Amino acid sequence: MSQSAVDVEKIRNIGISAHIDSGKTTLTERILFYTGRIGEMHEVRGKDNVGATMDFMDLERQRGITIQSAATYTNWNGININIIDTPGHVDFTMEVERALRVLDSAVLVLCSVGGVQSQTLTVDRQMKRYEVPCVAFINKLDRVGANPERVVLQIRSKLRHNAALLQIPIGLENDLKGIIDVIFRKAIYYEGVLGTEIVEKEIPDDYVEITNKKRQELIEAVANVDEELGEKFLEDAELSTDDIIAAIRRTTLRKTFTPVLLGSALKNKGVQTLLDSVVTYLPNPSEVENFALNPEDNENKVLMNPTRTSDKPFIGLAFKLEAGRFGQLTYIRIYQGHLKRGGFIVNVRTGKRLKIPRLVRMHSNEMQDIQDAYAGDICALFGVDCSSGDTFVAEGSPVLSMESMFVPDPVISLAIKPTNKNDIGQFSKAIHRFCKEDPTFKVHFDDESKETIISGMGELHLEIYSERIRTEYNCPCETGKPKVAFRETISSVAPFDYLHKKQSGGAGQFGRVIGEIQPLGEDQLTSVEFVDETVGMNIPKNFIPAIDKGFRDICETGIMSGHKIIGVRIVLKDGTSHAVDSSELAFRLAGKGAMRQVFPRANPIILEPVMLVEISAPEEYRGSVLTSMSRRRGVIIGSDSAEGYFYLFAEVPLNDMFGYATELRSATQGKGEFVMEYKKYAPVTPQLQDTLVKQFEEERLQKAKK
């Protein structure tokens, strides 16, 4: 069947997102199996050493985790479903970010024991950022301590979703037999080899009462946010199953209600009913509004037309890059129009005209060549040079740009160098490729320490990349202790009056600047502001940018400890210039000198990044975990406990978190887990400030000697 023959209403683009180890990849494997896409199932950490279809990287199979998002497509009851399986670790949050940017809807997977965990909160924030409707799937009902009721309460309280169960389990843990559909009031059992046969029966007698209660709860939750169903409900009219299903779909698309489904992917239960719900409740591409922007007029948004024809000009967004066996593979979501193999497209950012030599659909790391693709499709191009987030348009059509993705700032840095100097060519090739593929992976050369510094979202993120440089480019690397992004700021106002005067043969240098430096509030701590309050022409206006540049140059290099200066406002009030000797260079140097002069007088302090850490471990290890947190200067801000596990929330300086993964594992016999994300900047202790200042002075003296 040609791509255009597929009606837009028969397409779903979904992402599968969740916290670490909630069973996303196992669920995707089951979906592919039950839809007939793969002939047999393999486990993530299976004994057969084959590994799950979507975890195709060697590193993913070794570690049993998902590192990069993988795309596939399948068909369920005549509906084409494009699926992207995403990682759960916060270190690879960019993979989730870009997947949700191009998808129309998502399945939020939760563990029936862990419930709403820290990365669930992050994924939920990302869904809200891109306004992605979702259904929730509570997985792992076969685990000891499974409690779907508690998870639904957490979805309501922690994620603030208006959620209700569409199903209830028949038995839990080892006694999980099937599920009950509360809308149709049917018991569903998954029988036959690997649960392929779905058998519907009457509800067991002891479940009738709870089914009626949950059905009423569901109707009330939907009626509260749906006018049509609400009116019928208040009139005590008879509600048909079609009324309820239509209301759930309307409210899910409006993101005012989240349907909650149940199952156990590992035990092959609940997957087919989840697929039915994806088709029934989640939107097709025509029900989602996507806008493009005019680069010259950002206020003017253009609504994309999702009709699957070639009438409208083509617009697509490159959301992910990968180095394949045949060159760069560019994943693209088509928002409007038609893309044809051998056709020409234009990269809006560079203005380059590009030919499409090959067009493919992805199934994990396998490809299927296609001749054309239409609005709503997710496909991949070969041999097209571009960056992640680029927009492509048809040749000769108006220049429009899709809204870009949110890229979080890196939180951790590491010094890296190849073990063998002869491998420098392979090393730079690898670094260049990874920077292009992953916007959260940053590299810069530190002129002061003469080191190559890589920055990323966490220890695991950088560890994976150094491992990939070794395995994929045969270039072993040495890494130094991660460098924390300390910052310098001030805590009080201080005036400056600085004269830069230098006389040499001919025209000299002259520039005087007067003003004050002020600390910014906590909410603006990460920015630097320059305010020009000069009146008259004591300083000609064409020199003001040079003064700003001088101040900002010093803010980049720092004064006390060699770290960037943030959270300051520089107010320029007056100054003096010379008709002959004043120049841009003179005022730039005056700005630098003024900053060096005033900064020590404004009670300078050093800031460090503080992370929000969530630790989960069995109850018996609470004491040792609390001890380890206090040893690392952690401030405990909350705790929770359920089913023999406790969850600890703490704010801990990043500098004290290095090596914590190993310590936590040894303290909890490998049962403890933690995740962290950046929270804020806070002042360091006086002792650490002295150490950092001394260290910087010593490094400066050593360089001076050299």
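Scope of this entry: the structure provided in the associated data block. (Residues numbered from 1 in each chain as written. Predicted model: local features only at pLDDT ≥ 70, side-chain atom pairs only at ≥ 80, totals over all residues. Heavy atoms only, no water.)

### Some thoughts on the overall build of the protein chain
Piece 1. Secondary structure summary: the protein chain contains 16 helices and 37 strands in total.
Piece 2. Relative to a compact globule of 706 residues, whose C-alpha radius of gyration would be 27 Å, the protein chain shows 29 Å and is just as compact.
Piece 3. Each principal axis of the C-alpha atoms in the protein chain carries an extent, and together these give about 100 × 65 × 65 Å.
Piece 4. Per-residue burial over the protein chain gives 56% buried out of 706 residues.
Piece 5. Carbon and sulfur atoms make up 49% of the accessible area of the protein chain, which totals about 31,000 Å².
Piece 6. Charge centroids of the protein chain, computed over 86 positive and 98 negative side chains, lie 6 Å from each other. (Helix = DSSP H or I, 4+ residues; strand = E, 2+ residues; numbered from the N terminus. Rg over C-alpha atoms; globule rule 2.2 N^0.38 Å. Buried < 20%, exposed > 50% of the residue type's maximum accessible area, 1.4 Å probe, protein only. Areas by Shrake-Rupley, 256 points an atom, 1.4 Å probe, with all protein chains shown as cover. Lys, Arg positive; Asp, Glu negative; His and termini not counted. Charge placed at Lys NZ, Arg CZ, Asp CG, Glu CD.)

### Some details on the packing of aromatic side chains
Piece 1. Counting across every chain of the model gives nine aromatic pairs.
Piece 2. Arranged with centres 6.1 Å apart and planes meeting at 55°, the rings of Phe319 and Tyr331 form a pair that is tilted. Remark: Tyr331 occurs in strand 15 (residues 327-336) and Phe319 occurs in strand 14 (residues 315-324); sequence separation between them is twelve residues.
Piece 3. Relative accessible area serves as the criterion here: at 2%, Phe319 is assigned to the buried category.
Piece 4. Of the residues examined, Tyr331 reaches a relative accessible area of 1% and is grouped as buried.
Piece 5. Joined through ring pairs, the aromatic side chains of Phe434, Phe441, Tyr465 and Tyr473 make up one cluster.
Piece 6. For the cation-ring pair, Lys201 lies above Tyr189, with the distance from its terminal atom to the ring centre recorded as 5.1 Å.
Piece 7. Here the basic side chain of Lys320 rests over the ring of Tyr331, its NZ or CZ set 5.7 Å away from the ring centre. (Phe/Tyr/Trp six-rings, centres within 6.5 Å; stacked < 30°, edge-to-face > 60°. Lys NZ or Arg CZ within 6 Å of the ring centre and 35° of its normal.)

Structural measurements only, silent on function.
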